[in-house]
2 protein chains.
Amino acid sequence: MTRKLLTNLSVDCVIFGFDMDQLKVLLVERKLKSDDGKSIIFSDHSLTGYHIYEDEDLDSAAIRIVNDLTGLENLKFEQFYTFGSLDRIAHPNDQIWIEQFGDVISSRVLTVGYYSLLPNTNMNIIQKGRKVNWFPVDQVKELAYDHKEILEKALEHLRYKLQNEPVGFNLLPEKFTLSQMQKLYEAILGAKYDKRNFRKKVSQMSYVVPIKEKQQGVAHKPAQLYIFSPEVYEKTRKERNHFFI
Amino acid sequence: MTRKLLTNLSVDCVIFGFDMDQLKVLLVERKLKSDDGKSIIFSDHSLTGYHIYEDEDLDSAAIRIVNDLTGLENLKFEQFYTFGSLDRIAHPNDQIWIEQFGDVISSRVLTVGYYSLLPNTNMNIIQKGRKVNWFPVDQVKELAYDHKEILEKALEHLRYKLQNEPVGFNLLPEKFTLSQMQKLYEAILGAKYDKRNFRKKVSQMSYVVPIKEKQQGVAHKPAQLYIFSPEVYEKTRKERNHFFI
DNA sequence: TGTTGAATGTGTATATTATACACATTCAGT
DNA sequence: ACTGAATGTGTATAATATACACATTCAACA
């Protein structure tokens, strides 16, 4: 039995990772060679995305698609926006690419955007055919289709969330130092924070808890390690009373 | 020429209105009569929604669909979430309703959720065939399809936004009093605020500006009227520095 | 025209939170 | 034992949040 792939529906996933210095995004190479395989017609990158099956949940599709392209498992995805402009697939390269696979070009492909936050950029990526690599988010220039726009929207969403919810911990290893946490916020929000004030603020977050363990093997005073406690967070978040700004 | 309607894609719009007391939502009656027209097979309500055309933008679809059902014009919509569970249309009533129109039931209809905020609940609604009415949000029990879930998500989104951005002014008349503004926040967030402290907070919002006009025809001290200035807001919002909580 | 009912509009004291800012400590490596 | 590199800490001041009570102004009515 063959599952029916929906030609007018797809899912695109923005996979973020933090390497303790920069925010990165996982991109898939899109390289089209001439028939004789000797010259390259074009080469660029896209997000991890593909069409969904008729009998497939959106959330499951995100998991499947990323797994197909990267081998990554157990990622958590969150939907952030859906893109449905009529001109999403306008560039000649995009059309050539699609035709190459014999797909009919739907007059418009609606794509649901998901993002995922990974705690590092060293995980083993199983490249099944196409090259997949990490790129610093702020150096990404052009992408296939409207993926640049999707990436921007995901970033915007991430920044917004970061200022209102403790999503940042998903981008840090389970045990992290306060300097790492500070770097994360600085990198994503593009700001600079005072170390003492940052730590004072964090010390008020009861859900960031120090553990009986310190950094090891560093050529300086080893830092205290912390973990994020989702349980404590759920208990404390009860009511925020401020409106906006 | 006939435009092709996409059977597996739809847009559902959650239209909120505030009547100075309660948050309300605009719902469309869904009444199915027996063939002889004498008995009612079932009757319930749904959000304003319908399938989109092949050659139609998502945003335009929202505008068209709401206009078709209500005659309302010039609404501003914002997308908040997309629903694509495989069991969205599970209830027998939903299936009967769809079959009635001779539509094929797609195995899954993906629907993009939009919401709109109206400054009052008195606008002239042109009912084209189906009855459309305002209902207090917190008294809505069951809805067609998964529309109850969609409404909840829209509400959640609205509350979130309300605490972080000045979207509430869209639910108030152009000229409003501070008491009205306070009531709005209390109604939507389900909280109670101290009048003096609320006003102190608002007085720090440079974009809420008093005008040379007072309430008229009220049997008590007439209140100062205010307007929201988007221009001033854009200038002031520069940087918010808090993370979360 | 004066009395009533109803909502408006205002200030202060106290507690909490935000900001600005500099130096001793601890480790690995040599 | 010395160096380089990052950690970890406190205080004074400013800004913001909270708790709380009463005189004012209008329309309506007697």
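Each residue is numbered by its place in its chain's sequence as written, counting from 1. To label them, take the chains in the order written and letter them from A, then take the ligands in the order written and number them from 1. With the structure being a predicted model, the display of local features is reserved for residues of pLDDT at least 70 and the display and counting of side-chain atom pairs for 80 or more, all residues being used for whole-chain, interface and lining totals. Excluded from the side-chain calculations are hydrogens and water; all other atoms, namely the structure's heavy atoms, are used.

By a widespread convention, an interface's size corresponds to the accessible area lost as its parts come together. Note on contacts: a residue pair qualifies if any of its non-hydrogen atoms lie within 4.5 Å across the two residues. Listed per partner, the contact involves 42 residues of chain A and 44 residues of chain B. The term buried area denotes the loss of accessible surface (1.4 Å probe radius) that occurs when two parts are joined, taken as the sum for both partners. Surface buried jointly by chain A and chain B totals about 3,900 Å² across both partners, of which 57% is contributed by carbon and sulfur atoms. Here, a salt bridge means any side-chain nitrogen of Lys or Arg that lies within 4 Å of a carboxyl oxygen of Asp or Glu. Inspection of the chain A/chain B interface yields zero salt bridges. Each polar contact in these results corresponds to two N or O atoms within 3.5 Å; when the atoms are within protein, one needs to be able to donate a hydrogen and the other to accept it, and residues that are neighboring in sequence are counted only if both atoms are side-chain atoms. Between chain A and chain B we count eleven residue pairs in polar contact (both at pLDDT 80 or more) in total. Elements are defined by DSSP. Helices are runs of H or I of four residues or more, strands are runs of E of two residues or more, and each kind is numbered from the N terminus. Of all the secondary structure elements, the ones that give two or more residues to the side of chain A that touches chain B are β1 (5–18), β4 (48–53), β5 (77–83), β6 (110–118), α3 (147–164) and α5 (195–203) of chain A. In terms of residue class, the side of chain A that touches chain B is built from 22 nonpolar, ten polar and ten charged. Any residue outside Ala, Val, Leu, Ile, Met, Phe, Trp, Tyr, Cys, Pro, Asp, Glu, Lys and Arg is labelled polar, Gly included; the first ten of those are nonpolar and the last four are charged.

Below, the discussion takes up the protein's contact with DNA strand C. One heavy atom suffices: a residue is near a molecule or strand as soon as one of its heavy atoms comes within 4 Å of it. Lys200 of chain A together with Ser179, Arg199, Ala219 and Gln224 of chain B are the nearest of the 22 residues found near DNA strand C. Here the atoms of DNA strand C within 4 Å of the protein split so that 40% fall in sugar or phosphate, with bases taking the remainder. Taking Ser179 of chain B, its side chain carries an N or O atom lying 2.6 Å from a phosphate oxygen of DNA strand C. Note that a base nitrogen of DNA strand C is positioned 3.5 Å from one of the side-chain N or O atoms of Arg196 of chain B. Counting only elements with at least two residues in the surface near DNA strand C, the list comes to α5 of chain A together with α5 (195–203) of chain B.

We now examine the protein's contact with DNA strand D. Lining the immediate environment of DNA strand D, one finds 21 residues, of which Ser179, Arg199, Ala219 and Gln224 of chain A together with Lys200 of chain B sit closest. In DNA strand D, the atoms that sit within 4 Å of the protein are 38% sugar and phosphate, with bases accounting for the remainder. Contact distances for DNA strand D include 2.3 Å between a phosphate oxygen and a side-chain N or O atom of Arg199 of chain A. One of the backbone nitrogen or oxygen atoms of Lys221 of chain B is found 2.8 Å away from a base oxygen of DNA strand D. Among the secondary structure elements, those contributing two or more residues to the surface near DNA strand D are α5 of chain A together with α5 of chain B. A per-element tally of the surface near DNA strand D places α5 of chain A first, with four residues. The residue makeup of the surface near DNA strand D, split by class, is six nonpolar, six polar and nine charged.

Another point: the domain arrangement of chain A. Residues and elements named next belong to chain A. The source of the domain bounds is an automatic or database domain assignment. When its domains are assigned, chain A resolves into domain 1 (5–164) and domain 2 (174–236). Taking only C-alpha atoms, the centre of domain 1 and the centre of domain 2 are 31 Å apart. In total, about 820 Å² of surface goes out of reach between domain 1 and domain 2, with carbon and sulfur atoms giving 76% of it. The largest contributions to the domain 1 side of the interface with domain 2 come from Phe18, Met20 and Leu162, which together make up 61% of the buried area. Put simply, domain 1 and domain 2 have zero salt bridges between them. Linking domain 1 with domain 2 are one residue pair in polar contact (both at pLDDT 80 or more). Looking at the side of domain 1 that touches domain 2 element by element, the count peaks at four residues for α3. Grouping the amino acids of the side of domain 1 that touches domain 2 by side-chain chemistry returns five nonpolar, one polar and two charged.

To continue, consider the relation of the copies chain A and chain B. Put simply, the second copy of the chain is the first one after a rotation about an axis and a shift along it. Alignment of copies: least-squares fit on C-alpha atoms of residues with pLDDT of at least 70 in both copies. Of the transformation placing chain A onto chain B, the axial shift is 0.0 Å and the rotation is 180°, giving an RMSD of 0.0 Å. Taken together, the rotation and translation describe the operation of a two-fold axis. The overlap is high: 100% of the interface residues of chain A also sit at the interface in chain B, so the same surface is used on both sides.

Once that is clear, we can look at the pattern of salt bridges. By the definition in use, this model includes 26 salt bridges over all chains. In this structure, Asp44 of chain A engages Arg30 of chain A in a salt bridge whose closest nitrogen and oxygen atoms are separated by 2.9 Å. Of this pair, Asp44 of chain A sits in strand β3 (residues 40–46) while Arg30 of chain A sits in strand β2 (residues 23–33); the two residues are 14 residues apart in sequence, bridging distant segments of the chain. Since its relative accessible area comes to 17%, Asp44 of chain A is described here as buried. Between Lys161 of chain B and Glu165 of chain B there is a salt bridge, with its nearest N and O atoms 3.4 Å apart. Salt bridges linked by common partners bring Asp12, Arg88 and Asp146 of chain A together as one network. For every residue, the accessible area obtained with a 1.4 Å probe (protein chains only) is divided by the maximum for its type, and the residue is called buried under 20%, exposed over 50%, and partly exposed between those limits.

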